[in-house]
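# Breakdown of the fold
Each chain, letter by letter, is given below.
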Amino acid sequence: MNTKDMLAELAELFSSFSFHPLFIQELSFLLKKDLKGKEARFFKILSTQLNNIKTFGKSIYTVDSNEILHGADGHYYSIHLQQSQFNVRLLIYIADNDTPYFLCAFNERSGKRKTDYSAYTLVMQERLNYFGGNL
């Protein structure tokens, strides 16, 4: 799958969600580098998780291995897109009206401190300001 096709598919998948511009850049980078050759499986899992977010809203942490991020205000979640070949995390904020805001995307590597969620706390808060602060 070429980059243009990947970006078009991403735009369609995310059309009913709000996302920070850097989130899409991060996800595009992952697709070009870490997920190259694994796109079909990744998109299948991503599609499932997006449907789960629409269906479960703030209860998304009860599905699959998704989790509510502790130490945040109860609105931040980690969406897991995991397979033996990749371990991507999408960090999102779900507002009181159940609107999800996609803030960060990264490939979590086992044993790597730099992919610990705490490193993204400030980034998530800054990116949420793009949407008008605490929603």
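For the structure, see preceding data.
What this report covers is the structure whose coordinates are included nearby.

Definitions and cut-offs
- Residues numbered from 1 in each chain as written.
- Predicted model: local features only at pLDDT ≥ 70, side-chain atom pairs only at ≥ 80, totals over all residues.
- Heavy atoms only, no water.
- Pairing = 2+ DSSP bridges.
- Helix = DSSP H or I, 4+ residues; strand = E, 2+ residues; numbered from the N terminus.
- Contact = heavy atoms within 4.5 Å.
- Axes fitted to C-alpha atoms, helices over the stretch in contact; angles between N-to-C directions.
- Buried < 20%, exposed > 50% of the residue type's maximum accessible area, 1.4 Å probe, protein only.

### Let's talk about the sheet that holds strand 3 (residues 76–83)
One open sheet accounts for 5 strands, arranged 1-5-4-3-2; its pairing is mixed. Pairing within the sheet leaves two strands with one partner each, and these edge strands are strand 1 (18–19) and strand 2 (67–68). For strand 3 and strand 4 (residues 86–94), the ladder comprises 8 bridges, and the chain directions are antiparallel. Considered in strand 4, the bridge of I79 is made with L90. The strands touched by helix 3 (residues 39–56) are strand 3, strand 4 and strand 5 (100–107); relative to strand 3, the strand with the most contacts, the crossing angle is about 150°. Along the sheet, helix 4 (residues 121–129) contacts strand 3, strand 4 and strand 5; its crossing angle with strand 5, the most-contacted strand, is approximately 145°.

### Examining the pairing of strand 4
Within strand 4, 9 of the 9 residues are buried, which leaves the element mostly enclosed by the surrounding structure. Taking every second residue as pointing to the same face, both faces of strand 4 are buried, with F86, V88, L90, I92 and I94 on one and N87, R89, L91 and Y93 on the other. Adjacent in sequence and paired antiparallel, strand 3 and strand 4 are bridged by 2 residues. Bridge analysis of strand 4 against strand 5 gives 7 bridges, and the strand direction is antiparallel. Across the sheet, residue I94 finds its bridge partner in strand 5, namely P100. In textbook terms, the turn of a hairpin is the stretch between consecutive antiparallel strands, and for strand 4 and strand 5 this stretch comprises 5 residues, one of which, D98, has a positive phi near 70°.

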